[in-house]
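# Structural overview
Below, each chain spelled out in residue letters.
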Amino acid sequence: KKHWSLSMSQVRIYQPTKTAMQSGRSRLGLWILEYEPVSAKLADPLMGWIGSKDTKGQVKMSFKTLDAAIAFAKKNEFDYVVTMPKIRKIQPKDYSANFSYKRIE
């Protein structure tokens, strides 16, 4: 009797970026593990809705650390790809810089 498993599945591990609707950065530390799409999405001929027969595309798991996400992928024998986030450079600005003599116009 063969046990059904999800082995040989491809997953992505990444940190999501903030959306345009977010002003804060509170939940950006989480790592997301999601399945790679197996088939292309198609338009339903009757309603025109976009959909797929692949139900794994609906699954997104979040982890507090990258190591936890990788450990889960290895435990379940997933082929995984890690996408590292881009480092954001924050340049401090203050209101008085608007009125500086050295300001470039």
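## Quick word on the confidence of the model for the protein
Mean pLDDT over the protein works out to 81, with 86% of the residues at or above the 70 mark. Summarising per-element confidence for the protein, the mean pLDDT is lowest in strand β4 (residues 50-51) (84) and highest in helix α1 (residues 66-75) (95). Across residues 1-7, where pLDDT falls below 50, the model places five contacts with residues more than four positions away in sequence or in other chains.

## Section: the packing of aromatic side chains
Counting across every chain of the model gives four aromatic pairs. Aromatic pair Phe-72 and Phe-78: ring centres 6.2 Å apart, planes at 55°, arrangement tilted. According to the relative accessible area criterion, Phe-72 is partly exposed, its value standing at 27%. Centroid distance Tyr-95 to Phe-99: 5.4 Å. Interplanar angle 70°. Geometry classified as edge-to-face. Using a relative accessible area of 63% as the deciding quantity, one classes Tyr-95 as exposed. Three or more aromatic residues joined by ring pairs form one cluster here, namely Tyr-35, Phe-63, Phe-72 and Phe-78.

## Quick look at α1
Taken as a whole, α1 has its buried residues at Leu-66, Ala-69, Ile-70 and Ala-73. Projected onto a plane normal to the axis of α1, the buried residues spread over an arc of 95° and lie on a single side. The exposed residues of α1 that point more than 90 degrees off its buried face are Asp-67 and Lys-75. Of the surrounding elements, those touching the buried residues of α1 are β1 (10-14), β2 (31-35), β5 (60-63) and β6 (79-83).

## Notes on the nonpolar core
In this structure, Val-11, Ile-13, Trp-31, Leu-33, Tyr-35, Phe-63, Leu-66, Ala-69, Ile-70, Ala-73 and Phe-78 together form the largest nonpolar core, which totals eleven residues. Those elements that place two or more of their residues in this core are β1, β2 and α1. In terms of residue count, the dominant contributor to this core is α1 (four residues).

## Focus on a nonpolar patch on the surface
Where nonpolar side chains cluster on the molecular surface, the patch consists of Leu-46, Met-47 and Trp-49 and spans about 430 Å² of accessible area. Topologically, Leu-46 is positioned in the loop between β3 (42-43) and β4.

Criteria and cut-off values
- Residues numbered from 1 in each chain as written.
- Predicted model: local features only at pLDDT ≥ 70, side-chain atom pairs only at ≥ 80, totals over all residues.
- Heavy atoms only, no water.
- pLDDT = per-residue confidence, 0-100.
- Helix = DSSP H or I, 4+ residues; strand = E, 2+ residues; numbered from the N terminus.
- Contact = heavy atoms within 4.5 Å.
- Phe/Tyr/Trp six-rings, centres within 6.5 Å; stacked < 30°, edge-to-face > 60°.
- Buried < 20%, exposed > 50% of the residue type's maximum accessible area, 1.4 Å probe, protein only.
- Arc of directions from axis to C-beta.
- Core = buried A, V, L, I, M, F, W, Y, C linked by side-chain atoms within 4.5 Å.
- Patch = residues over 30% accessible without salt bridge, like charges linked within 9 Å, V, L, I, M, F, W, Y side chains within 5 Å.
- Areas by Shrake-Rupley, 256 points an atom, 1.4 Å probe, with all protein chains shown as cover.
- Salt bridge = Lys/Arg side-chain N within 4 Å of Asp/Glu carboxyl O.

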